[in-house]
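Now for the letters of each chain:
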Amino acid sequence: MMQSDTLLNPRAMLSAIDAFLTSDNEVLRSAAVCALPALGEASAKDVRAALLMARLDPDPDVRSDAMEALVPLAEPEDAEDLLHSLAGDPVREVKLAAIRALARLQSTEAVPLLQALVTSRSEHHVAWEDVGSDWEDWLDVQTAAIRALGDMQAEETIDDLIVALMDAFGQSVDVPVYRALAQMGEIGVATLIEVFNQMKGVARRRAAAALAKAAPESFESHLEKLLAAEEPELRVLALKALAPDDARGEALARDDPDADVRAAALRHAVSAHPDLARRGLSDSSERVRVAALDCLVPPFEPDFHEALVDNMLMWLPRSGPELAICVIERLPVLVPNRALDPLLQLIDARENDLEVRVAAAKALGATALNVPVALIAERLENPARQVRATLLAVLLQKVATDDAAMDLAAAVIAGDILLPEPDAEQMTGDVSVPDAGTPKEGAGSSRIWITPEGEIVERENVAQQSGQSTLDAIQLDAHVTLPVAPPMAGETPEESGAKRAKRRAVEGSDDLAPSLACDAMRIFRDCVGGKLTEAMMARVDDPDETVRRAAWETLAGRAVAAAFRKTAEAGFADSDPLIRMAAFRILSQDPDPAVLSRGLNDADALIRAEAVAHLPAGQALDFIGDAATAVRQKAAQKILTSGQTTLIQAAMRAVIDAERSDTLGMLARQADAAQETALEILADSVDNPRRALIILRGLAPRHDAS
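A short tour of the structure in this document, coming up.

Analysis parameters
Residues numbered from 1 in each chain as written. Predicted model: local features only at pLDDT ≥ 70, side-chain atom pairs only at ≥ 80, totals over all residues. Heavy atoms only, no water. Helix = DSSP H or I, 4+ residues; strand = E, 2+ residues; numbered from the N terminus. Buried < 20%, exposed > 50% of the residue type's maximum accessible area, 1.4 Å probe, protein only. Contact = heavy atoms within 4.5 Å. Areas by Shrake-Rupley, 256 points an atom, 1.4 Å probe, with all protein chains shown as cover. Phe/Tyr/Trp six-rings, centres within 6.5 Å; stacked < 30°, edge-to-face > 60°. Lys NZ or Arg CZ within 6 Å of the ring centre and 35° of its normal. Core = buried A, V, L, I, M, F, W, Y, C linked by side-chain atoms within 4.5 Å. Arc of directions from axis to C-beta. Expected span 1.5 Å × (residues − 1). Axes fitted to C-alpha atoms, helices over the stretch in contact; angles between N-to-C directions. Parallel < 35°, antiparallel > 145°, perpendicular 65-115°, else oblique. Left-handed = near helix turned anticlockwise from the far one by under 90°. Nonpolar A, V, L, I, M, F, W, Y, C, P; charged D, E, K, R; others polar. Polar contact = N/O pair within 3.5 Å; in protein donor to acceptor, adjacent residues only side chain to side chain. Salt bridge = Lys/Arg side-chain N within 4 Å of Asp/Glu carboxyl O.

Moving on, we come to the overall build of the chain. Helix and strand content of the chain: 41 helices and 2 strands. Relative to its full complement of 706 residues, the chain shows a buried share of 51%. Within the chain, contacts between residues separated by at least 24 positions form 64% of all contacts whose residues are at least 6 apart in sequence. A total of about 32800 Å² of accessible surface is found on the chain, and carbon and sulfur atoms cover 51% of it.

As C-alpha cells, this is what we get:
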C-alpha cells in the first residue's frame, strides 16, 4: 500500500507518458505535462528536462502547464531559460510562473528585466499576446515582478517601486510595493516610513501594516526618528528595535500621550519593569488597563489583591467590551466568592454588548464557581441565541456529575422547560448598576486606592490633588449616584457611540424554544444518557421542521432502543434526505439486507455512499464507477482497505472504463497494484486518446473531479 502524494515506479511512468509528451494532440501533451510532477524527487532531473522542453511547445496551454510545474523544480542553471520565457513568451500565465520561479531561485540575472516591468510593459524587450493588449495583463505581471523584487531584497529597485506607486493607477499595486519595501532592510524601511508620512486613510494603514512585518533589525538605524515621530504607529514600531530593559521603552509605557503606544510599550517592557503593570491599572485608557491586567500574574499580596478585585468590579458595569471581557475572564480565578452576582447581572442586562454577555455566560463554567443549575435554567430565555448556547455548554460540563443538570438538558431538548416572558424592567433596559463591587458586609466603606505609581493607599491618607485618577473616580462615596451604562455598553475614547451603533450584533432567532432545543441537541450530541436519548426521540415527529431534522440527525449517532426501529423505518421513507440518512444509520446498527438494499438504491448520493460502507469489498466494486463522487470514494476506500491485489486491479480497470479520473488518482496513489495497472493500460492507449487522457489526468498531482 502507498501513502504518498507522488507515484512509485517513476521510471515506468516516465516511459509510459513519454509518447504523449510529443503527441500531435495538444490536450494529451498538456495532460502528460501535468502528470510529470507526480514522479517525485527520484526523477526530478528527468522531469525538469521534460518540462524545460515543454515550455517551448507551440500550444500556449502546454507552455503554461510546463512553466507552472517548473516553479518548485527549477535549478539555478535554468535561470536563462526562465528569463527567455518571461521575455519571449507572450502568454501571461507563462510570465507569472517564470517570475515566481526566478524569485524562488533568487536570480540576480532577472532583476533588470523585473525592474523594467515594474514601471512599464517594456514592449521593446518583452513579448505580449497582442500589441496594446489588456492593461490588466500587465498589471498582473507588474504585481508579480514587484513581489519578486521584494522577495529578492533588490534594494536597487526602490526608486522604480516608488514610481509605480505614484503612478495614476498606483493604488492597484500599493500593497505589494509596501510589502516589497518592508523586505528590503534598512533602506527599504526608511523609504516606507517616508511613504507612510505622505499617505492618508487606507493607504496609510496599509503602509503601517507592512512596516509592522519588517524585520526588527531594519529599524535600528531609524530608532531615534521613530521614537520622536508624531505618528503613534511609528512610535509603536520603535519597540521592535528596543530591548525590554531599554529605558526608552519604559518611558513610552509611562508617559506617551497615545493609549495604543502606552499599551504596546507596557506589554513590551513589563518583563524588565514589572511595576509597569500595576501602574497601568490607573491609566485613563481601558486599552492600557487591559494590557496591565494581562501582564499581572497572581498570586498577589492580600492588600493588592483586594484593591485589584474592588476596582475590577467597579470597572465592570461601565467599561467597554475589551476591558469588560478581560475582567470577566479573571474574576472566577481571583475572587470566585464575589464573581457570580456580577456575571449574572451582565448576562441579564440586554443593553450590554453581545460579546460581553457571551463572555460572562462562558465564565459561569469555571469550576471554582460551581454555579447552581437553577441559575442557568433561569437564563435560558435570554434573547441572544449565542448566550443561550453558551449557557448550554456550561450545563454540558455538569451533566456527568449532576442529576439536576441532566434533567434540565433533557427538558430543554424535549421542550418541557417553561420559558417566561421577559419582565418589564428588562424590556425597558433600565438595569441598575451591579453592587458586587461595593464593600463586603461589615467592612465599612472601601477607601483603598491604587495610585498611578501602582501603590495601594488608604484614601484618607492621600493628599488632595488637582485631578482624580480613574480608579479613584470610580470609587466615589456610596451616596453619589453611579451612571447607568449607556445602551450598547459603555463608550470609550477608542470607540464612540456613533461607531458602536454600526456594530450592533444580530443575536439569533426570536423563536426561542425551537432554537433552544436544536442548540441543546447539537451541544449534547455526544453526551451519554438515556434521558437525553428519550428526549430526542420525542421530537422526531415535531411540527417544527428544524427541530424534527435536528432530532433525527442527533439520534443517528446514538444507541436507541429496539422499540424505536419502527419509527426509524418510517423515517427511512421520509422525503427529506437528511432524515432518511439518519434513519438509515439507526437501522444499520442492526443490519438488515432489505434496509441495505434500499440504501444502495436511494436517490441521494450520500445515503448510497453510507450504504456502500456496509458492503464487503467485493460487492463495493459494483459501485466504483457510480456517477456520484461520494459513492465512488467510499467504494474505493473499501477496496483499498481490503488489500486484495486482484480486487484493486479490477477496481482500476473499472474506473478507467467509467472515465472517472478522480477515483483513478485516489487508487493510484494508495496502491502499487492500482498504479501498475494504470500504467500498463496507458502504455496500450497510444491509439486511444480518450482513454489516455483519463489516465493522465488521474495520475496528475492535481486534477478536476470528473
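Let us now look at the packing of aromatic side chains. Under the definition given, this model contains 3 aromatic pairs. On the numbers, 5.3 Å between centres and 75° between planes, the contact of phenylalanine 300 with phenylalanine 304 is edge-to-face. The burial state of phenylalanine 300 is the same as that of phenylalanine 304; both residues are buried. Between phenylalanine 572 and phenylalanine 584, the ring centres sit 5.7 Å apart and the planes meet at 40°, which makes this aromatic pair tilted. Here phenylalanine 584 lies in helix α33 (residues 577–587) and phenylalanine 572 lies in the loop between α32 (565–571) and α33, a separation of 12 residues in the sequence. On the basis of relative accessible area, phenylalanine 572 is assigned to the buried category, the value being 3%. Taking NZ or CZ as reference, arginine 278 lies 3.7 Å from the ring centre of phenylalanine 304, over its face. Stacked on the ring of tryptophan 315, the Lys or Arg arginine 289 has its end atom at 5.1 Å from the ring centre.

Side chains that are nonpolar tend, in soluble globular proteins, to be buried together. Counting 232 residues, the largest nonpolar core has Leu293, Phe524 and Leu699 as its most contacted members. In contact with leucine 293, other than residues within four places in its own chain, are Leu281, Leu308, Met312, Trp315, Leu323, Cys326, Val327 and Arg330.

Here the focus is helix α7 (residues 111–119). Those residues of α7 lying buried are Val111, Leu113, Leu114, Leu117 and Val118. For α7, the arc enclosing every buried residue in end-on projection is 165°, short of the 170-degree limit, so these residues lie on one face.

Let us now look at helix α20 (residues 321–334). Given a rise of 1.5 Å per residue, 14 residues ought to cover 20 Å, and the 20 Å separating the end C-alpha atoms of α20 matches this to within 8%. The buried count for α20 comes to 10 of 14 residues, which makes it a mostly enclosed element. When α20 is considered as a whole, its buried residues turn out to be Pro321, Leu323, Ala324, Ile325, Cys326, Val327, Ile328, Leu331, Pro332 and Leu334.

For threonine 390, the position within the fold is in helix α24 (residues 385–396). Leave out the neighbours within four places in its chain, and threonine 390 touches Val358, Ala361 and Lys362.

A few words on unusual backbone geometry. Following proline 298, the chain continues to proline 299 via a peptide bond in cis, the omega torsion being 5°. Along the chain, proline 299 turns up in the loop between α18 (286–295) and α19 (302–315). In this structure, glutamine 106 takes a positive phi of about 55° despite not being glycine. With respect to the helices and strands, glutamine 106 occurs in the loop between α6 (92–105) and α7. Positive phi values are uncommon outside glycine, yet serine 122 reaches one of about 50°.

Pairs of packed helices are described in terms of their axes, by the angle between the two and the distance that separates them. For the pair α24 and helix α29 (residues 512–523), the least separation of the axes is 10 Å and the interaxial angle reads 40°. It follows that α24 is oblique to α29 by the angle criterion. The way α24 lies across α29 gives a crossing that is right-handed. Packed against α24, whose contacting residues are Arg385, Arg388, Ala389, Leu392, Ala393 and Leu396, the element α29 presents Leu512, Ser515, Leu516, Cys518, Asp519, Ala520, Arg522 and Ile523 at the interface. Of the residues contributing to the contact of α24 with α29, the split by class is 9 nonpolar, 1 polar and 4 charged.

Within the fold, threonine 677 resides in helix α40 (residues 672–683). According to the relative accessible area criterion, threonine 677 is buried, its value standing at 5%. Within polar-contact distance, the side chain of threonine 677 engages the backbone oxygen of alanine 673 at 2.8 Å. In this structure, threonine 677 is in contact with Gln649, Met652 and Arg653, ignoring residues within four places of it in sequence.

If the charged atoms of two oppositely charged side chains come close together, the side chains can form a pair. Per the counting criterion, the structure on display carries 42 salt bridges. Note that aspartate 294 and arginine 330 form a salt bridge whose closest N and O atoms lie 2.5 Å from each other. With aspartate 294 in helix α18 and arginine 330 in helix α20, this residue pair connects regions lying 36 residues apart in the sequence. Of the charged contacts in the structure, one is a salt bridge between aspartate 576 and arginine 549, with a shortest N-O distance of 2.6 Å.

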